[in-house]
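# Residue-level structural notes
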Amino acid sequence: MLNEDNALPLSPQEPAVRGSYGRVAPAPTHFLVPGGDTRRRLLGGLLGGSATLFGAASFAQQKTERQVNPPPSTGLPRWSQALGQPVNTTYGTPSEYEKNIVRRQSPGLTTTNQSSIAFAPLQNLFGIITPSGLHFERDHSGRPDVDPDQHRLLIHGLVREAKIFTMADILRYPSVSRIHFIECGANTGMEWANVAVPTVQYSHGMLSCSEYTGVLLSTLLDEVGYDSKKSRYVLAEGADAASLTRSIPIEVALNDVMVVYGQNGEMLRPENGYPLRLLVPGVQGVSSVKWLRRLKVGDAAFETREETRHYTDLMPDGISRQYTWVQEAKSVITSPSGGQKLLDHGYYEITGLAWSGRGAVKRVDVSTDGGRNWKTASLQAPILSKALTRFRMDWRWGGDSALLQSRVIDSTGYVQPLIKQLRAVRGARSIYHNNAIQTWQVDPLGNVSNVQLS
Ligand SMILES: Nc1nc2c(c(=O)[nH]1)N[C@H]1C(S)=C(S)[C@@H](COP(=O)(O)O)O[C@H]1N2
Ligand SMILES: [Mo]
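As the structure is a computational prediction, the values presented were derived from the model and not from experiment.

## What to know about the site of ligand 1
Close to ligand 1 lie 21 residues, the nearest being F136, H140, D240, R277 and K290. Between an oxygen atom of ligand 1 and a side-chain N or O atom of R277, the distance comes to 2.7 Å. About the coverage of ligand 1: the protein hides 100% of its 530 Å² of free accessible area. More than half of the atoms belonging to ligand 1 lie within 2 Å of the grid points that define the largest cavity. When residues in the shell around ligand 1 are grouped by element, the largest group, 3 residues, is from strand 4 (residues 137-139). Among the residues forming the shell around ligand 1, the class breakdown is 7 nonpolar, 6 polar and 8 charged.

Encoded structure:
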């Protein structure tokens, strides 16, 4: 019934979390407080009402809680007094103390657990690479268990010779490794409806970035002898029950599209398309077809369900735009971010992610007063095309209300827009392609919440 994001999640309460560092209390793991306000007023430029959804402890209470558990002051800690565990010869997992840093589903957002979304915990990640076990997952019909020995990729259509490739065949071709993001076209979609999604995990967590290894699609298209005069589109089809299919324009296919088997140095994870997926850099996630089993070269777009019924943008005049696939430049502050709490006055590092489907990040500006004044953030190398870029800025919080925003400018000169600028063009009925500037409000108690400025 729902297409990626337009329902309102309700929330199970979950245990307290660890996993924020520095003087920031972690974002809560639950979504909305049951019975809480789900829609919010549009806030004006003034630092008026608080849109905080959580009945958080007061500033002083939080400090007291922290003092209950002081670090051991005398003697050796227990882990220094005996031999440790033997070396680990199994697949490694994160520390027990990090077990709350997981992908999370937003209950009620989708009608089944198979046609669903697990969001990446952006507020807890460093740098630009998403650990494979935390990469977001979006499935239309569940995650198939594909046996790599039996898996086949068929390439046919306008080709000299149709071919069936085994995984062993594909692994023999010259490989490339590149760092790219994948962002679902519906990421941040609920902001269109002005729903106060409380944490960055749920507002922006359909976004991840990996080092991918595979074969350029152009290599395989050359191998089958695609018709360079007649070919206009390549259809990609997945081996899941949805047979998810999307058309890729030939100029994109021949440019930087990859047929991928490697993710962060190892084989793809099952949830990300094991053993083979398409990767269409800079383009909305749905085109990066997972569990890839078929590529068909054609002379026109294939007009599949996922490009006619879904993934179109309904414009104010009632006409739907089709094939709007590039993920335009976007950025978000991941800390401090919604649901976190600043525990002290003084120094904070404001940090976040910026990216563009059209190239590299050129500059990121940060504002702490809702966009009246901007300062240029520092960018952490590497700054790569169609990849996440980490930015940071020093900030002293003196206890006043603040409105934190980031704004990216990409290598084409495009500037990340305000939500009102997007609404002026796209109206209020959109689901996809919201790349607007995000605002986090810090209240005088240090509570951080998601607000939308009019
Ligand atoms: N075969 C197949 N490919 C698919 C999907 C799917 O359900 N089936 N979901 C698509 C969508 S909508 C997105 S956003 C990305 C998500 O990739 P990920 O699950 O690896 O994060 O995969 C795309 N490829
Ligand atoms: Mo998606």
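## Structural notes on empty space enclosed by the protein
One pass over the full model with this rule turns up 5 cavities of 30 Å³ or more. Looking at the largest cavity, its volume works out to about 240 Å³. Along its surface, the largest cavity is lined by 22 residues, and R138, R277, G285, S288 and K290 are the ones closest to its centre. The greatest single-element share of the lining of the largest cavity, amounting to 3 residues, is contributed by strand 4. In the lining of the largest cavity, the residues fall into 8 nonpolar, 6 polar and 8 charged.

## Some details on the nonpolar core
One finds L153, L221, L278, L295 and W395 to be the most contacted residues of the largest nonpolar core, which totals 90 residues. Once you skip the residues sitting within four places of it in the chain, W395 turns out to touch P336, L342, G346, Y347, Y348, I350, T368, A402, L404 and V442.

## Structural notes on the side chain of S231
Summarising the element assignment, S231 is placed in the loop between helix 4 (217-224) and strand 9 (233-238). S231 gets classed as buried once you look at its relative accessible area, which sits at 3%. Of the polar contacts made by the side chain of S231, one reaches the backbone oxygen of D227; its length is 2.5 Å.

## A word on the sheet that holds strand 20 (residues 361-367)
Note: strands within a sheet are paired through backbone hydrogen bonds, in either parallel or antiparallel orientation. Strand order in the open sheet made by the 5 strands is 21-20-24-25-26, with antiparallel pairing throughout. Of all strands in the sheet, those bounded by a partner on one side alone are strand 21 (375-376) and strand 26 (448-451).

Calculation rules
- Residues numbered from 1 in each chain as written.
- Chains lettered and ligands numbered in written order.
- Predicted model: local features only at pLDDT ≥ 70, side-chain atom pairs only at ≥ 80, totals over all residues.
- Heavy atoms only, no water.
- Near = heavy atom within 4 Å.
- Polar contact = N/O pair within 3.5 Å; in protein donor to acceptor, adjacent residues only side chain to side chain.
- Areas by Shrake-Rupley, 256 points an atom, 1.4 Å probe, with all protein chains shown as cover.
- 1 Å grid on protein atoms, 1.4 Å probe; cavity = no way out; pocket = protein on both sides within 12 Å on 5 of 7 lines; lining within 4 Å.
- Sits in = over half its atoms within 2 Å of the grid points.
- Helix = DSSP H or I, 4+ residues; strand = E, 2+ residues; numbered from the N terminus.
- Nonpolar A, V, L, I, M, F, W, Y, C, P; charged D, E, K, R; others polar.
- Points joined across faces, edges and corners; volume = space filled by probe spheres on them.
- Core = buried A, V, L, I, M, F, W, Y, C linked by side-chain atoms within 4.5 Å.
- Buried < 20%, exposed > 50% of the residue type's maximum accessible area, 1.4 Å probe, protein only.
- Contact = heavy atoms within 4.5 Å.
- Pairing = 2+ DSSP bridges.

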